[in-house]
Amino acid sequence: MLATLSRRVRACLLGPALACCIGLAVSAAHAQPAAPLDHAYQSELRAENEALQTRIKQLSPAMQTLNTRISAALRANDPQEAQRVAEEMAKQDPRNADVRLFLGKLQAQQGKLPAAQDLFDEAIKLNPDHKWAYVNKAGAQAQRGDLPNALATTQALTSRFPDWSIGYNLQASLLDGMDREDEALAAYQKAVRAKPASALILTNQGNLLRRLGRQADARRSYEDALRIQPGYPLAESALADLRK
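Here is a short report on the structure shown in this document. A quick note: this is a predicted structure, and the numbers were derived from the prediction, not measured. (Residues numbered from 1 in each chain as written. Predicted model: local features only at pLDDT ≥ 70, side-chain atom pairs only at ≥ 80, totals over all residues. Heavy atoms only, no water.)

### Structural notes on unusual backbone geometry
Consideration 1: Of the consecutive residues K195 and P196, the connecting peptide bond is found in the cis state with omega at 0°.
Consideration 2: Its place among the elements puts P196 in the loop between α10 (181–193) and α11 (199–211).
Consideration 3: If you check the backbone angles, N77 has positive phi at about 60° while not being a glycine.
Consideration 4: For N77, the location among the structural elements is in the loop between α3 (61–75) and α4 (79–92).
Consideration 5: Overall, the relative accessible area of 59% leaves N77 in the exposed class.
Consideration 6: Its identity is not glycine, yet D179 carries a phi of approximately 65°, on the positive side.
Consideration 7: On the secondary structure map, D179 appears in the loop between α9 (165–177) and α10. (Helix = DSSP H or I, 4+ residues; strand = E, 2+ residues; numbered from the N terminus. Buried < 20%, exposed > 50% of the residue type's maximum accessible area, 1.4 Å probe, protein only.)

The structure is reproduced here in structure tokens:
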């Protein structure tokens, strides 16, 4: 079931295209694949990256210098050095949620999921409005097989941000992976009503409807996805398969 779950939530577990970065403009080598992401997700990630860069500019000169060293370490494919420098940043500014989130992502990339989760928790405590910290925490929990608590994390996210479609999409994907299809559909419907409107979310909803044998509803969901984003490849492919 975990393999199935990982496929269903893969697109939802991405943090901002700063996939690993508070060196905070992520280098291309460290960016996560964008293929599954639609315009809505890409726009949300860009917005977070821009907000992050604004926060970096507000750091002290010493912290900005350390951040520049992190960027250089990432470009050199040296995550150990990036971690060492980020740990120094955390000592200098222990209340910086972005640094904690970055360190958590580094730990997750190394497969150290309990440590990653602790750092994501610290980031959330420091900044309860950091949407992507919840997303990353839920991802770490799901990868550990702790689906009930991953779901609880998404519920905290959607409770704090009830109009954010991406939170409901993650919640729906987890419910689907737990074989709670009716609840997953309800979460998808909330996602569809929320913002931003997303072709990916409608495609995910269509995929679940199709698995449940609701072919006509699945077709409508794929068609709605293509109205939001004409040419979206995942929706086009799913619709073509449905017509076979």
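Next comes the rest of the account.
### Observations regarding the packing of α4 against helix α5 (residues 97–109)
Consideration 1: Packing of α4 against α5 brings their axes to within 10 Å, and their N-to-C directions diverge by 150°. Viewed along their axes, α4 and α5 adopt a mutual orientation that is roughly antiparallel. In terms of crossing hand, the pair formed by α4 and α5 is left-handed. Between α4 and α5, the contacting residues are P79, A82, Q83, A86, E87, M89 and A90 on the first element and V99, R100, F102, L103, L106 and Q107 on the second.
Consideration 2: Here the contact of α4 with α5 is built from residues that sort into nine nonpolar, two polar and two charged. (Axes fitted to C-alpha atoms, helices over the stretch in contact; angles between N-to-C directions. Parallel < 35°, antiparallel > 145°, perpendicular 65-115°, else oblique. Left-handed = near helix turned anticlockwise from the far one by under 90°. Contact = heavy atoms within 4.5 Å. Nonpolar A, V, L, I, M, F, W, Y, C, P; charged D, E, K, R; others polar.)

### What about α5?
Consideration 1: The end-to-end C-alpha distance of α5, which contains 13 residues, comes to 18 Å, matching closely the 18 Å that a straight helix rising 1.5 Å per residue would cover.
Consideration 2: Of all the 13 residues making up α5, 11 are buried; the element is thus mostly covered by neighbouring parts of the structure.
Consideration 3: Residues of α5 that are buried: A97, D98, V99, R100, L101, F102, L103, G104, K105, L106 and Q107.
Consideration 4: The opening residue of α5 is N96, an N-cap whose side-chain oxygen sits 2.9 Å from the backbone nitrogen of D98.
Consideration 5: Positive backbone phi, approximately 80°, marks G111, located one or two places after α5. (Expected span 1.5 Å × (residues − 1). Polar contact = N/O pair within 3.5 Å; in protein donor to acceptor, adjacent residues only side chain to side chain.)

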